[in-house]
Amino acid sequence: MIQIEKLTKVFNSGEAGEVVALKDIDLHINRGDIFGIIGMSGAGKSTLLRCLSMLETPTSGTVLLDGEDTATLKGRKLIEARRNMGVVFQGYNLLMQKTVAQNVAFPLSLSKTPKAEIAARTEELLQLVGLADKKDNYPSQLSGGQKQRVAIARALATNPLVLLCDEPTSALDSLTTKAVLQLLQDINHKLNVTIIIITHEMSVVKSICNRVAVIDESRIVECGQTETVFENPASDITKLLLGYEVNE
Amino acid sequence: MQETIIKFAPLLLEGCMDTLYMTVLSTFFAYLFGLPMGIALFITKQGGIAENKPFNAIFGWVINILRSIPFIILMIALFPVTRLIVGTIIGKNAAVVALSVAAAPFVARMAEQSLEEIDSGVIEAARCMGATNFQIIVKVLLVESIPSIIRGLSITTITLIGYGAMAGALGAGGLGDIGIRYGYNRFQPNVMYLTVVLLIVIVCLIQWGFGLLARKVDKRNTKVKSFGVNFIGGAKGVARIYKK
Ligand SMILES: Nc1ncnc2c1ncn2[C@@H]1O[C@H](COP(=O)(O)OP(=O)(O)O)[C@@H](O)[C@H]1O
Ligand SMILES: [Mg+2]
């Protein structure tokens, strides 16, 4: 469903010169996957996700979404493609001046969705993430885990095919992390949404991802079924992330 | 002093009304033009949703230049324009023109500042959801910055009261005009003091009112209890300490 081919992203950041954030990335993500992308800080994970969510345009290479090159999308088609993709951020990025229900309804309010339909869908989504009783609260009144649930509900509002999650649990404690990961897994099963999850924690990959790619210094160093990669880590960085001793 | 108050009460009341009239109207026009200018500055800057470096640079310069002209000079320079718009260069309506022109670039910078306070992640999230630039402006930027814009509104209003008083020197009407006419030209300092006291009261009321409103509409720290609850809570705490 998503094919990434020879994706390269170079930032031109003034005095610092050129920063190669992604180099020749090749990845295939299948429908129904919970695909983990793991790497150390600065490896290029967020940049990769931003290329997928069309917030950045690749310097070279292509991102194919159901066979269509996302870089060529414009206007209506771009908006449509974005609505087929939900994004969940580490920092939640909720509207602070809107209630929980208004936040979840936000993506629907952008298209001409009838009011009654928005209300019903919002209710249904809040039920799904277990926050129906918080619908009139404001984000500032919620815990981190609850905020992330709201963000997940919001990302699902437009019935996307893919959910992109950039370190969705990195700001949460381990118990809350478990609950949020469980929710993502439920969503994957119940709604058949493909999930791409970025993380720097092996435990996240281990608990919900069926496939994983390891990214290091802008390149994919390893990719495969989670069990295979965990049992036979091929690269030093994977071993490091798994907590092995690595001899220099 | 009492005599002065009684004698000048009607005049001072009229002065208050004129000052409020000039302030409210010029604040309105300043925002009518200044707010879109501030939004334009914000969205065209580097990394903005409608990035446009040349426009941003030129527009930024224009605003800086307008802001650096002393108000009295701007007012005089605007006389031909003022005459064109309201048909005269004296009186409160004439002053509104100058006050609006002086405040619009000020408002633009303040609005820009308010918009800067919004977490860029929220704007990005809206973009991911397929929001158009117009939707981002209306449904994200303006909504998320409301408390900050209200605080800016109080600063603008108070600044305009000060400018309005200055405009009194050029025959604008209002409390400033009365203060100058009686206090300075006719050596009646008591009248001048009264106008100053009235201006102070008006400024304090505006500051207090907008502050209250901003706190009321801001949903970011709804956990923070109101002053009353805090006060009672604090008193309870103190009582507890003393019991020990
Ligand atoms: N907008 C940008 N401009 C310049 N350099 C950037 C930008 N975004 C990311 N980078 C650089 O690209 C590299 C990868 O960043 P990122 O994708 O955020 O890593 P990660 O999410 O894995 O921590 C880093 O060296 C970072 O400094
Ligand atoms: Mg990152």
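Remember, it's a predicted structure, so these values are computed and weren't measured experimentally.

## Considerations on the overall build of chain A
Here comes step 1: Broken down by element type, chain A carries 9 helices and 10 strands.
Here comes step 2: For chain A, whose C-alpha radius of gyration is 18 Å, the value lies close to the compact-globule estimate of 18 Å for 248 residues.
Here comes step 3: Relative to its 248 residues, chain A shows a buried fraction of 53%.
Here comes step 4: A fraction of 68% describes how many contacts in chain A between residues 6 or more apart in sequence connect residues 24 or more apart.
Here comes step 5: Only carbon and sulfur atoms are counted for the fraction: they give 47% of the accessible area of chain A, which is about 11,300 Å².
Here comes step 6: Looking at chain A, you have 26 positive and 29 negative side-chain charges, and the mean spots of the two groups are 9 Å apart.

## A few points about the confidence of the model for chain B
Residue and element names in this part refer to chain B.
Here comes step 1: Here chain B averages 90 in pLDDT, and 91% of its residues register 70 or above.
Here comes step 2: Of all the helices and strands in chain B, helix 11 (residues 227–243) carries the lowest mean pLDDT, 51, while helix 7 (residues 133–144) carries the highest, 97.
Here comes step 3: A low-confidence stretch, residues 224–231 stays under pLDDT 50, and its non-local contacts, those more than four residues away or across chains, total 1 contact.
Here comes step 4: Confidence estimates for the predicted assembly give a pTM of 0.89 and an ipTM of 0.92.

## Here we look at the state of the cysteines
Here comes step 1: Within the structure shown, the criterion is met by 0 disulfides over all chains.
Here comes step 2: The cysteine Cys 51 of chain A is free of any disulfide, with Cys 128 of chain B supplying the nearest cysteine sulfur at 12 Å.
Here comes step 3: For Cys 51 of chain A, a relative accessible area of 1% puts it in the buried group.
Here comes step 4: Looking at Cys 128 of chain B, the relative accessible area reads 4%, which means it is buried.

## A word on the side chain of Arg 154 of chain A
Here comes step 1: Checked against the element boundaries, Arg 154 of chain A lands in helix 5 (residues 144–156).
Here comes step 2: Although buried, Arg 154 of chain A forms no salt bridge, and the nearest oppositely charged side chain, Glu 144 of chain B, lies 8.5 Å from it.
Here comes step 3: A distance of 2.8 Å separates the side chain of Arg 154 of chain A from the backbone oxygen of Asn 93 of chain A, its partner in a polar contact.

## With respect to the environment of Gln 141 of chain A
Residue and element names in this part refer to chain A.
Here comes step 1: Relative to the helices and strands, Gln 141 is located in the loop between helix 4 (115–128) and helix 5.
Here comes step 2: Under the relative-accessibility criterion, Gln 141 is labelled partly exposed at 30%.
Here comes step 3: Put simply, Gln 141 and Leu 175 are 34 residues apart on the chain and 20 Å apart in space, counted from C-alpha to C-alpha.
Here comes step 4: One polar contact links Gln 141 to Asn 137, side chain to side chain, over a distance of 3.3 Å.

What counts and how
Residues numbered from 1 in each chain as written. Chains lettered and ligands numbered in written order. Predicted model: local features only at pLDDT ≥ 70, side-chain atom pairs only at ≥ 80, totals over all residues. Heavy atoms only, no water. Helix = DSSP H or I, 4+ residues; strand = E, 2+ residues; numbered from the N terminus. Rg over C-alpha atoms; globule rule 2.2 N^0.38 Å. Buried < 20%, exposed > 50% of the residue type's maximum accessible area, 1.4 Å probe, protein only. Contact = heavy atoms within 4.5 Å. Areas by Shrake-Rupley, 256 points an atom, 1.4 Å probe, with all protein chains shown as cover. Lys, Arg positive; Asp, Glu negative; His and termini not counted. Charge placed at Lys NZ, Arg CZ, Asp CG, Glu CD. pLDDT = per-residue confidence, 0-100. Disulfide = S-S within 2.5 Å. Salt bridge = Lys/Arg side-chain N within 4 Å of Asp/Glu carboxyl O. Polar contact = N/O pair within 3.5 Å; in protein donor to acceptor, adjacent residues only side chain to side chain.

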